[in-house]
Amino acid sequence: MASGFAGSEASSIRSAASAHTNELDDSQDGVRVKADASQIIDYAKYIGVDPLKEPWLLKVAEEGLLAALPDGWSEHEDQDGNIFYFCADSNQSTWTHPLDNFYKAKVLTERMKRQRRNRDKSRKGGAHEPTSVTTAMAPDEGSTRTS
């Protein structure tokens, strides 16, 4: 799924999300960062998720958006205010977060898992999981709505 979202835009959204809110949370070193819904949706689109058709993948987008940098990596800003990432171990820099490709791959994996579950349920005669918000909310064929 193509997106008009450049890596530097993803970095900007990621930085804004990191600065957005800090709340006390005992599960992760005492701090949890939260992103707002529009940031999660923008990042979801960047990693190939259609938020309306694949709402179950928004949790992957949120996880990716708030992911910490891997060991050895640091975030920097150029003279024009663009975010870039530098790995001291390899002396490599990049405009995209070093984990963006990991989360793009995780989206593909989660899609395949869902398809497999639906296929297995179909073989067993069970109900399918909705594949989109539209599908989940669509009325049954042949039904009529009365006001």
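Refer to the preceding data block for the structure.
Small disclaimer: the values here were computed from a predicted structure and weren't measured.

A. Looking closely at the overall build of the protein chain. What the protein chain contains, in helices and strands, is 5 helices and 5 strands. Secondary structure elements of the protein chain occur, N-terminal to C-terminal, as α-β-β-α-α-β-β-β-α-α. In the protein chain, which comprises 147 residues, the proportion classed as buried is 27%. Partitioning the contacts of the protein chain with sequence separation of at least 6, the portion at a separation of at least 24 is 49%. When the accessible area of the protein chain is evaluated, it comes to approximately 9700 Å², of which 50% is carbon and sulfur surface.

B. Local environment of unusual backbone geometry. A positive phi angle, near 60 degrees, is found at Asn91, a position not held by glycine. Tracing the backbone shows Asn91 in the loop between strand S4 (83–87) and strand S5 (92–94).

C. How the structure looks around helix H3 (residues 58–65). Listed as buried for H3 are Val60, Ala61, Gly64 and Leu65. An end-on view of H3 places all buried positions within 130 degrees of arc, on one side of the element.

D. The arrangement of the environment of Leu58 in detail. For Leu58, the location among the structural elements is in helix H3. Leu58 gets classed as partly exposed once you look at its relative accessible area, which sits at 22%. What Leu58 contacts, discounting residues up to four positions off in sequence, is Ile40, Ala44 and Pro51.

E. Region of the structure containing the environment of Asn82. With respect to the element layout, Asn82 can be found in the loop between strand S3 (73–77) and S4. The class for Asn82 is partly exposed, based on a relative accessible area of 32%. Here Asn82 is in contact with His76, Glu77 and Trp95, once residues within four sequence places are set aside.

F. Focus on the pairing of S3. Alignment of S3 against S4, held across 5 bridges, turns out to be antiparallel. Residue pairing across strands places Trp73 opposite Cys87, the latter belonging to S4. Counted along the chain from S3 to the antiparallel partner S4, the turn is 5 residues long, and its residue Gly81 has a positive phi close to 90 degrees.

G. Region of the structure containing the packing of aromatic side chains. Enumeration according to the criterion identifies 3 aromatic pairs in this entry. Taking the centre distance of 4.9 Å and the plane angle of 90 degrees together, the rings of Phe102 and Tyr103 count as edge-to-face. On the accessibility criterion, Phe102 (47% relative accessible area) is partly exposed. We note Lys104 situated over the ring of Tyr46; from NZ or CZ to the ring centre the distance is 4.6 Å. One cation-aromatic arrangement involves Arg114 over Trp56; the distance from NZ or CZ to the ring centre is 3.7 Å.

Conventions we followed
Residues numbered from 1 in each chain as written. Predicted model: local features only at pLDDT ≥ 70, side-chain atom pairs only at ≥ 80, totals over all residues. Heavy atoms only, no water. Helix = DSSP H or I, 4+ residues; strand = E, 2+ residues; numbered from the N terminus. Buried < 20%, exposed > 50% of the residue type's maximum accessible area, 1.4 Å probe, protein only. Contact = heavy atoms within 4.5 Å. Areas by Shrake-Rupley, 256 points an atom, 1.4 Å probe, with all protein chains shown as cover. Arc of directions from axis to C-beta. Pairing = 2+ DSSP bridges. Phe/Tyr/Trp six-rings, centres within 6.5 Å; stacked < 30°, edge-to-face > 60°. Lys NZ or Arg CZ within 6 Å of the ring centre and 35° of its normal.

Shape is all these values report; function is a separate question.
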